[in-house]
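Here is what each chain is made of, one letter per residue.
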Amino acid sequence: MGFNVVIVGASGAVGQEFLKVLEERNFPVDRLRLCATARSAGKQMVFRGQTLVVEETTPDSFQDMQIALFAGGSASLEFGPAAVQRGCVVIDNSSNYRLKPDVPLVVPEVNPEDVQWHRGIIANPNCSTIIMVVALKPIYDAAGIKRVVVSTYQAVSGAGAEGITELANQTRAVINGEEYPPQKFPYQIAFNLIPHIDVFQEMDYTKEEWKMVKETHKIMHDDSIGITATTVRVPVFRSHSESINIETKTKITADRAREVLARAPGVVVLDDPAAKQYPMPLYCSDKDEVFVGRIREDNSLPAGLNLWVVADQIRKGAATNAVQIAELLVKYNCLMAS
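Residues numbered from 1 in each chain as written. Predicted model: local features only at pLDDT ≥ 70, side-chain atom pairs only at ≥ 80, totals over all residues. Heavy atoms only, no water.

*Asks:* Can you walk me through a nonpolar patch on the surface in this structure?
*Replies:* Residues Tyr278, Met280, Leu282 and Tyr283 make up a contiguous nonpolar surface patch of roughly 440 Å² in combined accessible area. Turning to its location among the elements, Met280 is positioned in the loop between strand S12 (267-269) and helix H7 (281-284). Judged by relative accessible area, which is 33%, Met280 ranks as partly exposed. (Patch = residues over 30% accessible without salt bridge, like charges linked within 9 Å, V, L, I, M, F, W, Y side chains within 5 Å. Areas by Shrake-Rupley, 256 points an atom, 1.4 Å probe, with all protein chains shown as cover. Salt bridge = Lys/Arg side-chain N within 4 Å of Asp/Glu carboxyl O. Helix = DSSP H or I, 4+ residues; strand = E, 2+ residues; numbered from the N terminus. Buried < 20%, exposed > 50% of the residue type's maximum accessible area, 1.4 Å probe, protein only.)

Set out below in structure tokens:
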């Protein structure tokens, strides 16, 4: 049996990835409707060899549809309730609903059962949070976690197509001795690192950093974990990297950590220092797994681990995770709001 699916924001980077992932994972789509802003209406896109025309999003876009994949932005605030009213389950990639107590925040490898208590809307977590918790969950289950210190190295594609364009054009300009003033980012991103993603908030942490703290607590169902984050934009086109330091409740050796991570769903261990094997964004892009390497015991703690984690934030950090949530809705037979 197929399902009627609508993609909102279909013409953007995440929307286009939704199409690829639905096709690659052979999700049972009966009818597919593509929606976006009026500016993008009329564009043509291909799904399973069939050409589809992008429509302007309206409340009626969700009539007779069962699953609505929202790519991000403010669209889910404007149209999410209308979709739910028409019997559609919303899977939202924006931050609009993530921390609302009555909305599940789901990473299928970590808390798949949470989809069952949705009331019409399920939130897709922040991309950096998704990548981190997929790697944390096996360690949490094996040894417990007291504290996490994470520093991210986030690709410019996390800021959308404008971020990619700015890095490419600015790099050419700098090499040629020309000026290319920053537009998308607060400073030049070419040949630079910017320790500032999103707006500054409480205690001078950025919104992106607080997302990693609060969303991880919600997904893991454990507010006792101490989490502190520093998020950094780097001149890489695609795939986020994270340096994660974990203080565990009981000691876990590096070898044991490799074992539990290697068995974990959605994780690939790439960790052979002698052969210079470790995850890198260049080689982890266009893949759905979370790659973990540089696994070693913390030399400064009796029970600590260091991990280096890399994943494609457009796929596992957004589109793939959302489609996996849709698969869970089918698996648990909970397409209608409870």
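*Asks:* I would appreciate a short explanation of the pairing of strand S13 (residues 290-297) in the present structure.
*Replies:* Look at any regular strand and the pattern is simple: side chains alternate between the two faces of the sheet. Here three bridges tie S12 to S13, and the two strands are oriented parallel to one another. Each residue of the ladder has a partner; that of Val269, found in S13, is Val292. Note that S13 and strand S14 (residues 304-311) share five bridges and pair antiparallel. In the strand pairing of S14, Glu297 is matched with Leu305. Following S13, the chain reverses through six residues before pairing antiparallel with S14. (Pairing = 2+ DSSP bridges.)

*Asks:* Is there a simple way to think about the nonpolar core in this case?
*Replies:* In globular proteins that are soluble, nonpolar side chains generally tend to be buried together. Ile139, Val148, Ile244, Val292 and Leu307 are the most contacted members of the largest nonpolar core, which totals 55 residues. Here the element with the most residues in this core is helix H3 (residues 127-143); it accounts for nine residues. If sequence neighbours within four positions are ignored, Val148 has contacts with Met132, Leu136, Ile225, Gly226, Ile227, Thr228, Ile244 and Asn245. If you look at the next biggest cluster of nonpolar residues, it comprises 36 residues, including Leu19, Phe27, Ala322 and Val323. (Core = buried A, V, L, I, M, F, W, Y, C linked by side-chain atoms within 4.5 Å. Contact = heavy atoms within 4.5 Å.)

*Asks:* What should I look at first to understand the pairing of strand S1 (residues 3-8) in this one?
*Replies:* In terms of burial, S1 is a largely internal element, six of the six residues being buried. Neither face of S1 is open: one carries Phe3, Val5 and Ile7, the other Asn4, Val6 and Val8, and all of them are buried. Relative to strand S2 (residues 29-36), S1 is paired through six bridges, and the arrangement is parallel. Across the sheet, Val5 pairs through a bridge with Leu32, a residue of S2. Handedness of the crossover is the feature at issue here: the chain leaves S1, passes through helix H1 (residues 13-24), returns alongside S2, and the resulting connection is right-handed. Bridge count between S1 and strand S6 (residues 67-70): four bridges; the pairing is parallel. (Right-handed = clockwise from strand over helix to strand, strands pointing away.)

*Asks:* So what exactly am I meant to see when it comes to the pattern of salt bridges here?
*Replies:* Pairing of side chains with opposite charge becomes possible as their charged atoms draw close. Applying the stated criterion across every chain yields a total of 20 salt bridges. Among the salt bridges present, the one from Lys20 reaches Glu17, with a minimum N-O distance of 3.4 Å. Here Lys20 pairs with Glu17, and both are found in helix H1, just three residues apart, close to one helical turn. Judged by its relative accessible area of 36%, Lys20 falls in the partly exposed class. Among the salt bridges present, the one from Asp198 reaches Lys211, with a minimum N-O distance of 3.8 Å. One end of the pair, Asp198, is in the loop between helix H4 (161-175) and helix H5 (207-220); the other, Lys211, is in helix H5, with 13 residues separating them in the sequence. Accessibility expressed as a relative area gives 35% for Asp198, which makes it partly exposed.

*Asks:* Help me out: how do you make sense of the sheet that holds strand S5 (residues 55-56) in this one?
*Replies:* Paired through backbone hydrogen bonds, the strands of a sheet run either parallel or antiparallel to each other. Spatially, six strands are ordered S5-S2-S1-S6-S7-S8 in an open sheet, and the strand pairing comes out parallel. A single partner strand is all that each edge strand has here, and the edge strands are S5 and strand S8 (121-123). Here S2 runs beside S5; their pairing, made up of two bridges, is parallel. Residue Ala36 lies in a different strand from S5, and its bridge partner there is Glu56.

*Asks:* Even after reading the chapter, I still don't get unusual backbone geometry, so can you show me in this structure?
*Replies:* Most peptide bonds take the trans form, and the phi angle of most residues other than glycine is negative. Backbone geometry places Ser239, a non-glycine residue, at a positive phi of 90°. Its relative accessible area of 1% is what places Ser239 among the buried residues.

*Asks:* Got a minute to help me understand the sheet that holds strand S9 (residues 145-154) in this structure?
*Replies:* One open sheet holds the six strands; their spatial order is S10-S9-S11-S14-S13-S12, and the pairing between them is mixed. Of all the strands in the sheet, the pair left with one neighbour each is strand S10 (226-233) and S12. The mean angle between the axes of side-by-side strands here comes to 20°, regardless of whether they run parallel or antiparallel. Two strands pair when backbone bridges link them, and S9 and S10 are joined in this way by eight bridges, in the parallel orientation. Directly across from Val148, in S10, lies its bridge partner Ile227. Packing against the sheet, helix H6 (residues 254-263) makes contact with S12, S13 and S14, and its axis sits at approximately 165° to S13. (Axes fitted to C-alpha atoms, helices over the stretch in contact; angles between N-to-C directions.)

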